[in-house]
Amino acid sequence: MADKVLYIAHVGSDGLLNKPSLEALSCAKNLVGAMNAEFAVGIFGEDTSKAIEQIGSCGAGQFLTISGAEYKDAKYASDAFAVEAICSKSQASIVIAAGTSRNCRVLPGVAYRVEGSIETHASEVATEGGSVTVKRWIYRQRMESVVSRVHRPWFIVVDSGNYSAWTGASAAVSVEQI
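These figures come from a predicted structure and were not determined experimentally.

Remarks on the pattern of salt bridges
All told, the structure shown has 7 salt bridges when counted by the stated rule. The shortest N-O distance in the salt bridge between Asp79 and Arg102 comes to 2.7 Å. In this pair, Asp79 is assigned in helix 3 (residues 76–90) and Arg102 in helix 4 (residues 101–113), connecting sequence segments 23 residues apart. Residues Asp79 and Arg102 agree in their burial class; the two are buried. Close ionic contact of Glu176 with Lys89 constitutes a salt bridge, the shortest N to O distance being 3.1 Å. Taken together, the residues Glu176 in strand 10 (residues 176–177) and Lys89 in helix 3 connect sequence positions 87 residues apart.

Regarding the packing of helix 3 against helix 4
Put simply, helix 3 and helix 4 touch, their axes get as near as 9 Å, and they point 55° apart. The angle between helix 3 and helix 4 falls in the class oblique. For helix 3 against helix 4, the interelement crossing comes out right-handed. Residues Tyr76, Asp79, Ala80, Phe81, Val83 and Glu84 of helix 3 touch helix 4, and the partners they reach there are Arg102, Arg105, Val106, Leu107, Gly109, Val110 and Arg113. Among the residues forming the contact of helix 3 with helix 4, the class breakdown is 7 nonpolar, 1 polar and 5 charged.

Looking at helix 1 (residues 19–35)
Taking 1.5 Å of rise per residue, 17 residues should cover 24 Å, and helix 1 covers 24 Å from first to last C-alpha, within 8% of that figure. Buried within helix 1 we find Ser21, Leu22, Glu23, Ala24, Leu25, Ser26, Cys27, Ala28, Leu31 and Val32. Just past helix 1, the residue Asn36 takes up positive phi, approximately 55°.

What about the pairing of strand 9 (residues 154–158)?
Within strand 9, 5 of the 5 residues are buried, which leaves it mostly tucked inside the rest of the structure. Here strand 9 shows two buried faces, one formed by Trp154, Ile156 and Val158 and the other by Phe155 and Val157. Two strands pair when backbone bridges link them, and strand 4 (residues 94–98) and strand 9 are joined in this way by 5 bridges, in the parallel orientation. Paired with Ala97 across the strands is Val157, a residue of strand 9. As judged from the 4 bridges shared by strand 5 (residues 117–122) and strand 9, these two strands associate in the parallel manner. Each bridged residue has a counterpart across the sheet, and for Ala122 the counterpart in strand 9 is Val158.

Rules of the game
- Every chain begins its residue count from 1, and numbering advances along the sequence as written.
- Whole-chain, interface and lining totals are the exception, using all residues; otherwise, since this is a predicted model, local features are given only for residues with pLDDT of at least 70 and side-chain atom pairs are given and counted only at 80 or more.
- Only hydrogens and water are set aside; all other atoms, that is, all heavy atoms of the structure, feed into the side-chain values.
- Salt bridge, as used here: a side-chain nitrogen of Lys or Arg that lies within 4 Å of a carboxyl oxygen of Asp or Glu.
- Numbering of helices and strands runs from the N terminus; a helix is a DSSP stretch of H or I covering at least four residues, while a strand is a stretch of E covering at least two.
- For the exposure calls, accessible area comes from a 1.4 Å probe over protein chains only, and a residue counts as buried if that area is under 20% of its type's maximum, exposed if over 50%, partly exposed in between.
- A fitted line through C-alpha atoms represents every axis, and for helices the fit uses only the stretch in contact; the resulting angles, taken between N-to-C directions, go from 0 to 180 degrees.
- An angle counts as roughly parallel when it lies under 35 degrees, as roughly antiparallel when it exceeds 145, as roughly perpendicular when it falls between 65 and 115, and as oblique in every other case.
- Left-handed describes a crossing whose near helix is turned anticlockwise from the far helix by less than a right angle; the clockwise case is right-handed.
- Contacts are residue-level and defined by heavy atoms, with any inter-residue pair within 4.5 Å sufficient.
- Each residue gets one of three labels, nonpolar for Ala, Val, Leu, Ile, Met, Phe, Trp, Tyr, Cys and Pro, charged for Asp, Glu, Lys and Arg, and polar for the others, Gly among them.
- To estimate how far a helix should reach, multiply one less than its number of residues by 1.5 Å.
- In short, DSSP must find at least two bridges between two strands for them to pair.

Below is the structure:
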């Protein structure tokens, strides 16, 4: 089975994606290019229309959203439901997200629910020898570990400041509301 990369994000109070989320999008796009994989985007929040338009030209083949008043504020139950539904619908094998407090709170639980694995605080996601690798700093930022997993789905939470924020034109796209 070919890998499919899902970029997942939540909208901010202004309805747009924040800088760490745009950095994670750059990471996901780099990985998709290196793997020649399918690419999907999943956004959740109160109103996702502005965020979807904001990244409409990112090159994803599938845009999935869950929106409503219950997703305005960060709550574990509703956020976990939204992320799990998006992951299930996309059938992605690798999920990339920004290391925001909202994502870091919910993604480990979702990874467990879908019988996946998770890497947090990733500083670099790359491909080496045909497999995906995640680099992260350990032991007081003195050593760098490199992890590769065969088990899927694999959730990767990318720390801010390691990638340039994605910049692209706004575009209207076809969205699948879950």
